[in-house]
Amino acid sequence: MQTDKKEPAMTQRTPEEMMNLILSRAENDAHIRVVGMEGSRTNQNIPKDRFQDFDVTYFVDDPALYTEDDTWVNVFGERLIMQKPEDMELFPAVEEGYSFLMFFTDYNKIDLTILPLTALEDYLNGDGLREILLDKDGRVEEKPTPTDKEYHIQKPGARSFDDCCNEFWWCLNNVAKGIARDELPYAMQMFNTVVRKQLDRMVSWYIGTITDFSVSTGKMGRYFKKYLPESIYNKYLRSYAAPKSDKMWSAVIDTCKLFSDLARIVAQDMCLEYNEQEESGSRLYMMNVKDGLYARSL
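Basis of the calculations
Residues numbered from 1 in each chain as written. Predicted model: local features only at pLDDT ≥ 70, side-chain atom pairs only at ≥ 80, totals over all residues. Heavy atoms only, no water. Helix = DSSP H or I, 4+ residues; strand = E, 2+ residues; numbered from the N terminus. Rg over C-alpha atoms; globule rule 2.2 N^0.38 Å. Contact = heavy atoms within 4.5 Å. Areas by Shrake-Rupley, 256 points an atom, 1.4 Å probe, with all protein chains shown as cover. Lys, Arg positive; Asp, Glu negative; His and termini not counted. Charge placed at Lys NZ, Arg CZ, Asp CG, Glu CD. Buried < 20%, exposed > 50% of the residue type's maximum accessible area, 1.4 Å probe, protein only. Pairing = 2+ DSSP bridges. Disulfide = S-S within 2.5 Å. Salt bridge = Lys/Arg side-chain N within 4 Å of Asp/Glu carboxyl O. Expected span 1.5 Å × (residues − 1). Bend = angle between axes of the 7 residues up to and from the residue. Axes fitted to C-alpha atoms, helices over the stretch in contact; angles between N-to-C directions. Core = buried A, V, L, I, M, F, W, Y, C linked by side-chain atoms within 4.5 Å.

Trainee: Looking at this model, I keep getting lost on the overall build of the protein. Mind explaining?
Mentor: Summing up its helical and strand segments, the protein has ten helices and six strands in all. Here the protein has a C-alpha radius of gyration of 24 Å; the compact-globule value for 298 residues is 19 Å, and the former is much larger. Judged by the C-alpha coordinates and their principal axes, the protein covers about 75 × 60 × 35 Å. Put simply, 63% of the contacts in the protein that link residues at least 6 apart link residues at least 24 apart. On the protein, roughly 17,600 Å² of surface is accessible, and the fraction owed to carbon and sulfur atoms is 50%. Across the protein, the mean location of the 36 positive side-chain charges is 8 Å away from that of the 50 negative side-chain charges.

Structure follows, in structure tokens:
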């Protein structure tokens, strides 16, 4: 049987080497007038590590010079793989500009966006996690100070809290039916994409109550471990199920308990009302399906 040959990775270039490369390419190109950086490397609240991308934007006077022929990006190094979202049919990009997402043989990664100079003002007024690295013409009068404040967990109002709880308990009936029918792909998708979205929302609100809503939990809950008490984090991990009916039922039951506990804590802290009847009705149906009582009643 043929297997992929493993080759040793190159020595990874340092962040300083990567930044020098990114900036020198811009400094030596008369068409690149401004360089911005976004993402995790601008966030002082995130520990630096070797896996962080270099999210960079070149503001240019003629974008066509960079999008008609992509061989110019070879200057950044040998690549393992590259993606150009604006050229894709299945996953088309919706934002302005043109992007080169590059993963190199030394495992550094640059997400490089090309934008026209006319987009600079919108860029400066947009995401808080951005900074200006190079400004050849002094176009930016007041350089932005990166902040992740806009990503901090927001306090839920009564309507948002009710909607989250209702969606969680309502959609579990589909998970139960999927398990009972042995349609595990459907059940797993419903559980992990629809129901989990509300679980993650409630977990974030709980973290907000213990941090005074002063932090971000990151994309897809990447900082849950950082902010959750260990006991709760371990319960959260148990919400992930193996693709077997009995394992799924165990995960669903554990998830219901976790959501219920956290929702009550959030409700008490935020002076909100928790709908006990919704939970009771949803749990009754699920347990009857699990125990086969609903099927026998037909």
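Trainee: Can you help me understand the pairing of strand β1 (residues 32-38) in this one?
Mentor: Within a regular strand, the side chains alternate between the two sheet faces. Of all seven residues in β1, seven are buried; the element is thus mostly enclosed. In this structure, β1 lies alongside strand β2 (residues 54-60), joined through six bridges in antiparallel fashion. Bridge pairing in β2 places Val 35 opposite Tyr 58. Here β1 runs beside strand β6 (residues 130-135); their pairing, made up of five bridges, is antiparallel. Bridge pairing in β6 links Val 35 to Leu 134.

Trainee: Looking at this model, I keep getting lost on the state of the cysteines. Mind explaining?
Mentor: Covalent bonding between the sulfur atoms of two cysteines is what defines a disulfide. Overall, the coordinates contain zero disulfides when judged by the stated rule. The thiol of Cys 165 is not disulfide-bonded; the next cysteine sulfur, from Cys 164, is found 5.3 Å away. Looking at Cys 165, the relative accessible area reads 3%, which means it is buried.

Trainee: How should the pattern of salt bridges be read in this particular structure?
Mentor: Any two side chains of opposite charge can pair, given that their charged atoms come close. Tallying each qualifying case throughout the model produces 14 salt bridges. The salt bridge involving Asp 29 is made with Arg 25; its shortest N-O contact spans 2.8 Å. Residues Lys 84 and Asp 87 are paired through a salt bridge, measuring 3.7 Å at the closest nitrogen-oxygen approach. Taken together, the salt bridges that share partners define one network made up of Arg 264, Glu 276, Glu 279 and Arg 283.

Trainee: Looking at this structure, I do not really get the pairing of β2. What am I missing?
Mentor: Among the seven residues in β2, seven count as buried, and that is most of the element. Here β2 shows no split at all, with Phe 54, Val 56, Tyr 58 and Val 60 on one side and Asp 55, Thr 57 and Phe 59 on the other all buried.

Trainee: Explanation requested: helix α5 (residues 184-211) in the structure shown.
Mentor: Along an α-helix, a turn takes 3.6 residues, which lines up residues three or four apart on a common side. A rise of 1.5 Å per residue sets the reference length of α5, with its 28 residues, at 40 Å; its end C-alpha atoms lie 37 Å apart and thus fit the reference within 8%. The largest bend along α5 measures about 45° and falls at Arg 196. Phi turns positive, to about 60°, at Asp 212, one or two residues after α5.

Trainee: Looking at this structure, I do not really get the sheet that holds strand β5 (residues 109-116). What am I missing?
Mentor: One key point about sheets: their strands pair by backbone hydrogen bonds, in either a parallel or an antiparallel sense. Spatially, β3-β4-β5-β2-β1-β6 is the arrangement adopted by the six strands of the open sheet, whose pairing is mixed. Each edge of the open sheet is held by one strand with a lone partner, namely β3 (79-83) and β6. Adjacent strand axes in the sheet meet at a mean angle of 20°, parallel and antiparallel pairs treated alike. Along the sheet, helix α1 (residues 15-27) contacts β1, β2, β4 (98-104), β5 and β6; its crossing angle with β2, the most-contacted strand, is approximately 10°.

Trainee: Looking at this structure, I do not really get the nonpolar core. What am I missing?
Mentor: In a soluble, globular protein the nonpolar side chains are often hidden away together inside. One finds Phe 161, Leu 172 and Met 202 to be the most contacted residues of the largest nonpolar core, which totals 50 residues. Elements with a contribution of two residues or more to this core: α4 (158-180), α5, α6 (224-227), α7 (230-237), α8 (245-269) and α9 (276-290). With twelve residues, the top contributor of residues to this core is α5. Discounting chain neighbours no more than four positions away, the residues touching Leu 172 are Phe 191, Val 195, Val 252, Cys 256, Ser 282 and Met 286. Grouped together as the second largest cluster of nonpolar side chains are 25 residues, Met 19, Leu 23, Phe 76 and Ile 114 included.

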